[in-house]
Each structure stands twice: as structure tokens, then as C-alpha cells.
Amino acid sequence: MYDISEQDIHVFVDAVSHYFMQITHEKAEIRGAFLARGESFPPTFDLTGMIKISGKLRGRVYFSAPRAMLARLLLSMHESCLSDEWLLDAVGEIANTIAGNARRHFGEAMEISVPETMSTPPKWQESAVRARPYVILVRWKRHDASVIVDIEPTPSAEVQT
Amino acid sequence: MNLLIVDDSTVIRSRIVRILSDPRLGFIRVVAMAKNGAEALTLFAQKQPELVTMDLTMPEMDGAECTEKMIALDSNVSILVVSALSDKATALKALKKGARGFLYKPFTDEQLIEAFVELTS
């Protein structure tokens, strides 16, 4: 049975790298991509954007970052409003962009939802589809963030990549 | 030319407005902004813009359906789809529904300016 491969995860690494380069003209450092350990939950930060995945894949994609990183990102876009409302909007939009860009690889069979945003850690136990989600750690301007890819093929569906 | 911006992200709507201050786009004036397709259709009927930037993934009514409905109301409107959905099939579908251009997120200021210039030339 098909499962998410290392090559599939590289699509998300590329997407987050591309995001920072396009928006800030500065590279984000990819500090690692690994499977979350079974006994500990993936690392998240102050604010998290989450995209539900459906269709031939199911699960969720998260982007989580500290307020300070999101504020610097907004400043780099010449935005002066740095309220939590705007920071949450930004974290949701980044999650949406990363998941949307992954459709270049997975195709339209990967359906994505509108972003949901949260200022408390996601409740993994209620929603995880993988025992060990993939984690991509990103650093930009000395701030760490994470992309968490918790997706798997929907049972009885095939994915053409 | 009058522009309607349709995107569920406040940050993206604000960014598009800021980029429009570039002197090359001085002929474009933002007349309204909407955060979903349903709101966009109401504002489209009221303001009758010649240009629209359209996100695809939005609550209530998505950008593809909204594009189709706007074209049915005014086939002369120029719609630029601005979306993170990066597969070819989605871009082709949007163009089939009547959109005149497609810009992938994340975009640079220059890419949006070029897209507007191309759309209106």
C-alpha cells in the first residue's frame, strides 16, 4: 500500500523554504526533518495554523511559529499592525500556502480546507492520523518554527504522484 | 480602473493594497474588499469593478464558483486568480471558468505588479 515517502515530505520542505524566500528575500534554515517520536508530541509554538486535508489523502498540515517571528514577517511585508488577530491571520495564511503549494506534487486529489488558527497547542490525540507525524524544523532570523505533516492516504484511495 | 480584492486573509488584502501604491499601477483604484465569495458577489453587483483579484480557498463560497458567477454577471470583468493551489489542473479550471490570469502564492511585489500590468495591457 502507498504511504507518504521522504520525497513527498520534501515537497513541504521546498514549500516552506520558497515561502520565506519569496516574502522576505532571505533563506530560512531547514534545521531538520524527522518523524516525531512516539512518546512526545511534535514541537509547536505560540500560534498555529492548521489545514485539514481530504480527498485521496487525509489528515492535517500545521505551521506553528512564535509571535516574534510572525511579527518580523509582517514587518518585512511593511505591515505595522502586529495584533494577535493579524499574527493569527498570518500563521493561517502560511499554513494555507504551504499546503496549497504541495498540490503541485500531489495534484488536485489532495483537497485542502480553509485555515483554522489557534493560540493553544493543537490537541494531537483527537486528530492525529499517523502514530508519528513528520516534523520540519525551520529557523528564520533566530526564530524557530515548525511544519507538521500528519497525512496519510485515505484508505482504498490511490494517489498518483 | 476599479478593483475588487477577494481574499479571506486580512494580511493578503492589505498587502495587495500596499503593492498597488506602486506608480506603475496608479491607474488602479480599490473600490471594495471581500473575505469570501458570497460577500464578493454582493460587492461586485454594487461597485461593478473592471478588475478582481480572486483567492480560491475561502469559506462560504470558494473562488472558482465566485469567478463563474461574476463572469455570468459581466463577461468583460478581468479576474486575476491569486491562490496557493499550485497544481496545473486548478489553474486550468479557473481559466476555463473565465479568469484571465493566475498568480501563485507566495508572490513577490514585482510578480503581482507584472500580473496586473499584463492583465490590463
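Look a little higher up for the structure.
(A) Focus on unusual backbone geometry. Omega for the peptide link from Lys-105 of chain B to Pro-106 of chain B comes to 0 degrees, which places this bond in the cis form. Positionally, Pro-106 of chain B belongs in the loop between strand S5 (101-104) and helix H5 (109-120). Positive phi, close to 60 degrees, is recorded for His-25 of chain A, a residue that is not glycine. Take His-25 of chain A: it is sitting in the loop between helix H1 (6-24) and strand S1 (29-35). Even without being a glycine, Gln-48 of chain B presents a positive backbone phi close to 45 degrees.

(B) Representation of the pattern of salt bridges. Residues and elements named next belong to chain A. This structure, assessed with the given rule, holds 20 salt bridges over all chains. With a closest N to O distance of 2.8 Å, Asp-84 and Arg-67 form a salt bridge. You can see Asp-84 sitting in helix H3 (residues 84-101) and its partner Arg-67 sitting in helix H2 (residues 67-76), a full 17 residues away along the chain. A cluster of three or more residues bridged by salt bridges with shared partners is formed by Glu-29, Arg-31, Arg-139 and Asp-144.

(C) Representation of the packing of aromatic side chains in the model. All names here are of chain A. By the definition in use, this model includes four aromatic pairs over all chains. When the ring of Tyr-19 is compared with that of Phe-20, the centres are 5.9 Å apart and the planes differ by 80 degrees; the resulting orientation is edge-to-face. Under the relative-accessibility criterion, Phe-20 is labelled buried at 0%. Every member of this aromatic cluster is reached through a ring pair, and the members are Tyr-19, Phe-20 and Trp-140.

(D) Structural view of empty space enclosed by the protein. Applying the stated criterion to the full structure yields one cavity of 30 Å³ or more. Quantified by volume, the largest cavity comes out at close to 100 Å³. The wall of the largest cavity is formed by 13 residues, among which Tyr-19, Ile-23 and Glu-93 of chain A together with Ile-12 and Arg-15 of chain B lie closest to the centre. Counting residues per element, the ones that place at least two in the lining of the largest cavity are H1 and H3 of chain A together with helix H1 (10-19) of chain B. The dominant element in the lining of the largest cavity, judged by the number of residues it contributes, is H3 of chain A, at four residues.

(E) Up close: the pairing of strand S3 (residues 57-65) of chain A. Residue and element names in this part refer to chain A. Burial of S3 is extensive: seven of the nine residues sit out of reach of the surface. Between the end of strand S2 (residues 47-55) and the start of S3, which pair antiparallel, lie one residue. Where S3 and strand S7 (residues 143-153) come together, eight bridges link them in antiparallel fashion. Bridge pairing in S7 links Ser-64 to Ser-146.

(F) Structural detail: the nonpolar core. Core analysis: the largest hydrophobic core is formed by 69 residues, its most contacted members being Phe-12, Phe-20 and Phe-63 of chain A together with Met-70 of chain B. Ranked by size, the runner-up nonpolar core spans 18 residues in total, among them Ile-16, Leu-25, Ile-113 and Phe-116 of chain B.

Each value, and the rule that gives it
- Residues numbered from 1 in each chain as written.
- Chains lettered and ligands numbered in written order.
- Predicted model: local features only at pLDDT ≥ 70, side-chain atom pairs only at ≥ 80, totals over all residues.
- Heavy atoms only, no water.
- Helix = DSSP H or I, 4+ residues; strand = E, 2+ residues; numbered from the N terminus.
- Salt bridge = Lys/Arg side-chain N within 4 Å of Asp/Glu carboxyl O.
- Phe/Tyr/Trp six-rings, centres within 6.5 Å; stacked < 30°, edge-to-face > 60°.
- Buried < 20%, exposed > 50% of the residue type's maximum accessible area, 1.4 Å probe, protein only.
- 1 Å grid on protein atoms, 1.4 Å probe; cavity = no way out; pocket = protein on both sides within 12 Å on 5 of 7 lines; lining within 4 Å.
- Points joined across faces, edges and corners; volume = space filled by probe spheres on them.
- Pairing = 2+ DSSP bridges.
- Core = buried A, V, L, I, M, F, W, Y, C linked by side-chain atoms within 4.5 Å.

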